[in-house]
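Chain by chain, the residues:
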Amino acid sequence: MACGLVASSLNLKPGESLRLWGEVAPDAKSFVLNLGKDSNNLCLHFNPRFDAHGDANTIQYYRVQQQGRRGLGAEQWEAAFPFQPGSAVEVCISFDQAGLTVKLPDRYTFRFPNRLNLEAINYMAADGDFKIKCVAFD
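Here is a short report on the structure shown in this document.

Analysis parameters
Residues numbered from 1 in each chain as written. Predicted model: local features only at pLDDT ≥ 70, side-chain atom pairs only at ≥ 80, totals over all residues. Heavy atoms only, no water. Helix = DSSP H or I, 4+ residues; strand = E, 2+ residues; numbered from the N terminus. Buried < 20%, exposed > 50% of the residue type's maximum accessible area, 1.4 Å probe, protein only. Contact = heavy atoms within 4.5 Å. Phe/Tyr/Trp six-rings, centres within 6.5 Å; stacked < 30°, edge-to-face > 60°. Salt bridge = Lys/Arg side-chain N within 4 Å of Asp/Glu carboxyl O. Core = buried A, V, L, I, M, F, W, Y, C linked by side-chain atoms within 4.5 Å.

1. A look at the overall build of the protein chain
Then, number 1: Helix and strand counts for the protein chain stand at zero helices and eleven strands.
Then, number 2: Counting helices and strands in the order they occur from the N terminus, the protein chain gives β-β-β-β-β-β-β-β-β-β-β.
Then, number 3: Taken across its 138 residues, the protein chain has 49% of its residues classed as buried.
Then, number 4: Contacts spanning at least 24 positions in sequence make up 58% of the contacts within the protein chain whose residues lie at least 6 apart.

Pasting the structure below:
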C-alpha cells in the first residue's frame, strides 16, 4: 500500500475524539488506520481486510508497537465486519487515559488499552482502500 493521509501534530488529548468520514472503494481489498506518538510508537494498528493476505471480511489489529521492539505486538482478529465495498463510513476514535475506543458502523465497538501511557496522540496514518473525506475533532 502506498502512503495515504498522514498527520503528525494531532495533539489528541484524553477526553477528545477523532472522527473520520470517508468512502470505501468499490473494489476494496483492505485499509489501515494507525495511531500513536509517531510512526514508530503506535498504540493502534487497525486493518479491515475485505480480501487481502488470505483473509476475507475480517479485521486485523495490533494493540501496541514500540520503537526498538520487533513487530507490532500480539495481533488480534475480529470476525465482526461492518464494512461494505463502495459505502460511506464513519469511524470514531475516542481517547482517554486508559485507552482508545473505536466505534464503527452498526454499533461495533473495540477497546484498546493505552499501553504506551500516552498523554496525547500526535500521529495518525490512513492508507489503502478508504478515501477520507472529512476529519473532525470533538
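After presenting the structure, the write-up continues.
2. Details of the packing of aromatic side chains
Then, number 1: Using the criterion set out here, one finds seven aromatic pairs in the structure.
Then, number 2: Ring centres of Phe-81 and Phe-83 lie 5.5 Å apart, and the angle between their planes is 75°; this geometry places the pair in the edge-to-face category.
Then, number 3: Accessibility expressed as a relative area gives 2% for Phe-83, which makes it buried.
Then, number 4: Here a set of aromatic residues connected by ring pairs shows up, and it is made of Phe-31, Phe-50, Phe-81, Phe-83 and Phe-130.

3. Let's talk about the pattern of salt bridges
Then, number 1: Within the structure shown, the criterion is met by four salt bridges.
Then, number 2: Between Glu-90 and Arg-19 there is a salt bridge whose closest N-O contact spans 2.6 Å. Within this pair, whereas Glu-90 is found in strand β7 (residues 88–96), its partner Arg-19 is found in strand β2 (residues 17–24), the two being separated by 71 residues in sequence.
Then, number 3: Notably, a salt bridge pairs Arg-19 with Asp-138, separated by 2.4 Å at the nearest N-O pair. Residue Arg-19 is located in strand β2, and its partner Asp-138 is located in the segment after β11 (130–137); the two are separated by 119 residues in the primary sequence.

4. Remarks on the nonpolar core
Then, number 1: Grouped together as the largest cluster of nonpolar side chains are 35 residues, with contacts concentrated most on Leu-35, Phe-46 and Phe-83.
Then, number 2: Beyond its immediate chain neighbours, meaning those up to four positions away, Phe-83 contacts Phe-31, Phe-46, Pro-48, Phe-50, Ile-59, Val-89, Leu-104 and Pro-105.

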